[in-house]
Each structure stands twice: as C-alpha cells, then as structure tokens.
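Residues per chain are reported as follows:
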2 protein chains.
Amino acid sequence: MRHKNPWVCRRMVKEGLRITQTRMVIIDILTRNPEKHFSAEEIFLMAHRINPGIGFATVYRTLDLLAQMGIIQKMEFGDGKARYEMTEAMENVPHHHHLVCTECGKVIDYTEFTDEEKELLAKVEKELSEKYKFKIKNHIIQFCGICNNCGKRG
Amino acid sequence: MRHKNPWVCRRMVKEGLRITQTRMVIIDILTRNPEKHFSAEEIFLMAHRINPGIGFATVYRTLDLLAQMGIIQKMEFGDGKARYEMTEAMENVPHHHHLVCTECGKVIDYTEFTDEEKELLAKVEKELSEKYKFKIKNHIIQFCGICNNCGKRG
DNA sequence: TCCTTATTGATAATAATTATCATTTTCATT
DNA sequence: AATGAAAATGATAATTATTATCAATAAGGA
C-alpha cells in the first residue's frame, strides 16, 4: 500500500464501504496513471506486483465498484477487453478523448480542445439532461479510423 | 432474401466479395432498422427467422466484414455484448448519439443539436486527421449517467 | 453447365467476465 | 487492545460472447 486518495476514501466511508488494502492498491495504480487506459488484466498484474495476494476476481469487483461510484470510467475500444481510467471529475485528470485504429487497435489520446468544443459539450449535456431527465456523469468520445502506420501498409 | 442494397452490393463486387444470401439477409435487416443498435444475437435471431439455415458464426463474420468496410459501426455500451448499426455514411441514417444508463443499461438515442454538432465535429475531425495523420471514418459519442427511472429509485 | 475458390454452418476452442463459498479483514464497540 | 458482526477477499468453477477449424456448399466467371 502506498498512498491513500483522501477524496476517494471519504466517499467510501460515507457510503459505508470499507477501506481495504486491495482497494487502496488499485486506486493508487489508477491515480498515478490518470492518462492511461488499463485493461483489468494489466491492473491485476500491477496490483499483484505490489501485493501478490490480490486475486483477479477482486480486481474486477473493485473496478466495478469504482465505476459505479463514478471515480473511474469503463470504456471499450472494440478488442473485447474493457479499459478503465480515472474520470475527469477527479483532480489532475486532463480532459481527453481517443482516436481508435480499427486496423491494429492502437489508441491515441488527444487533449487539445478548443473552448468552442468544451462549450458545446457543456451545452449539449445540459440540454440532454433536462430533456431526458438523465443525470449525465461523463461522456465517451472516440474517433475511429485508420492510423498512420496502418494507412501506409493498407 | 428481400431487398438488395445496390450501393453495398456494388462495393462488395468491386472488392471481390461475393453477394451471398446470408450477407443480403443481414444487410437487409440492418438497412431496414437504421436507428436500432442490435447485438449479434438479435441479428442472428432475425436472420434465422428469414432463413433458418444461417449460422451464428456467419453472422459474426458478416458483421466484422461490414464493419471493416465501414458500412456498419460496432459499438459497446458496457454490458459485454457488442452492438451494430448502420454508419451515418449510409443513406437514410440519421445523425444520432447515445445516452447510456450505467445503472440499467438502457440506451436512449438523441438526434437534436445536429447542425451545430455536425459542424464542430467535422472541424475537429479535420484537425485531428491532419495532426495525427489518422484517417477518421466515424465517431462514437456516448453520454453516460443515470436515467429517469433509475434516478427515482436510487 | 463446369470449375475454382470464397463462403458457409456446425462444432469445438478461447478468453473475458461473473458467481460461489469458505476464509479473512475491517472497524465500530467494548 | 480485545471482540464480534458483517463486508470483503481469494481460489475456483461457471458462464458467456466471440473466434478458429474444417469439411461441405454455393457464387460467379469461363
């Protein structure tokens, strides 16, 4: 166990959840890598290196829990395994979206954002929330296509 | 077999692919339901009703093929099974995005804000294409949150 | 009609995720 | 610090979506 994210801990206590070693290890891994999108297996391997007792099922359970709490975001890029990353609601997490290559599966993050883009997103979210009585927590934006490498070969 | 989508057929011939009954049935199903997002199983069941000889593996193969050709779009809403729908590039397919309830899995389509959104999206796509030398074919936009029903109960 | 080859369907195999359950931890209370 | 109820865990089996295999079939040019 390394570092406790006080914000997350407070939320867990408030919801009657227990602060366990396994959970802290997983949250620490995700907190330290806000710009990465890890698969459950990758997280398991990293957690296992820190605390070899941790089991695979618990990793899945913890990831589900954190996603349910809105702390992490589950995303799928089409290769059959889900990825997880910190929500933008968390501190130090840059707003970013993904370019997904449908050929090789490569995922590029981009963080450039015009103010115009941000404004429109906020506006759309607000209007959708009202119209559909839908409490929007976050969004997923992916641009799918062919990356530079695959484009050369193809 | 019902109806042949001439545009799709032309593309298939051009790429040396064969116009088979199974493929036509599946394309027909998708073409007739441009606003739906079917799972592979749902498509299999519908195809099976039209032509009981069709096998599950072929449904998957055909969906992969069509996705590769950019005719349909594979998306995942987080419930473990992929969904497929016509690309906006196809005729009669309205520009739309999704609201996904992380509680019950319900998916709402919305079509509002199209003009402004489309414009900005086109601009962003152009800029990203150039910057990352990435040939963008389509995009996935999902707003995740809690739907009206789940909000009441929760 | 014939012939080559892409495509198919049935089935088995794979791989990610989830359910089960006895055991261990957490943490409020003493 | 010790206690005890309940939540959480780890090992494992079970489930489920998807993919690979392969002999049989059908598409389409000759």
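Computed from a predicted model, the values in this text were never measured in an experiment.

**Comments concerning the interface of chain B and chain A**
Each side of the interface is counted separately: chain B has 42 residues, and chain A has 42 residues. Summing both sides of the interface, chain B and chain A together bury roughly 3800 Å²; the carbon and sulfur share of this comes to 62%. Across the pair B:E116 and A:K123 runs a salt bridge whose closest N-O atoms are separated by 2.9 Å. The interface formed by chain B and chain A contains 14 residue pairs in polar contact (both at pLDDT 80 or more). Broken down by secondary-structure element, the contributors of at least two residues to the side of chain B that touches chain A are strand 2 (72–76), strand 4 (97–101), strand 5 (107–110), helix 5 (114–132) and strand 6 (135–146) of chain B. Here the side of chain B that touches chain A takes 12 residues from strand 6 of chain B, the largest share from any one element. Considering only residue class, the side of chain B that touches chain A consists of 20 nonpolar, 9 polar and 13 charged. For strand 6 (residues 135–146) of chain A and strand 6 of chain B, the ladder comprises 11 bridges, and the chain directions are antiparallel.

**Overview of the packing of helix 2 (residues 21–32) of chain A against helix 4 (residues 56–69) of chain A**
Residues and elements named next belong to chain A. Between helix 2 and helix 4, the shortest axis-to-axis distance is 10 Å and the interhelical angle comes to 65 degrees. Classified by the interaxial angle, the pair formed by helix 2 and helix 4 is roughly perpendicular. Note on packing geometry: the crossing formed by helix 2 with helix 4 is right-handed. Contact residues: helix 2 offers T22, R23, I26, I27 and L30, while helix 4 offers T58, V59, T62, L63, L65 and L66. In terms of residue class, the contact of helix 2 with helix 4 is built from 7 nonpolar, 3 polar and 1 charged.

The rules behind the values
- Counting restarts for each chain: residues are numbered from 1 in the order of the written sequence.
- Labels follow written order: the first chain is A, the first ligand is 1, and so on.
- In keeping with the predicted nature of the model, local features appear solely for residues at pLDDT of at least 70, side-chain atom pairs appear and are counted solely at 80 or more, and the whole-chain, interface and lining totals rest on all residues.
- Hydrogens and water molecules were not included; the side-chain quantities draw on all heavy atoms of the structure.
- For this analysis, residues touch if any pair of their heavy atoms sits within 4.5 Å.
- What counts as buried area is the accessible surface, traced by a 1.4 Å probe, that two parts surrender upon association, with contributions from both included.
- A carboxyl oxygen of Asp or Glu within 4 Å of a side-chain nitrogen of Lys or Arg is what we treat as a salt bridge.
- In the analysis that follows, any N or O atom pair within 3.5 Å is treated as a polar contact, provided that within protein one partner can donate a hydrogen and the other can accept it, and provided that, for residues neighboring in sequence, both atoms belong to side chains.
- Under the scheme used here, helices are H or I runs from DSSP no shorter than 4 residues and strands are E runs no shorter than 2 residues, and both carry numbers assigned from the N terminus.
- Three residue categories are used. Nonpolar comprises Ala, Val, Leu, Ile, Met, Phe, Trp, Tyr, Cys and Pro, charged comprises Asp, Glu, Lys and Arg, and polar comprises the others, including Gly.
- Strand pairing follows a simple DSSP-based rule, namely that at least 2 bridges must link the two strands.
- Here the axes come from fitting lines to C-alpha atoms, over the contacting stretch only for helices, and the angles between their N-to-C directions go from 0 to 180 degrees.
- These descriptions rest on fixed angle ranges, namely under 35 degrees for roughly parallel, over 145 for roughly antiparallel, 65 to 115 for roughly perpendicular, and the rest for oblique.
- Crossings are sorted by hand: turned counterclockwise from the far helix by less than a right angle, the near helix makes the crossing left-handed, and turned clockwise it makes it right-handed.

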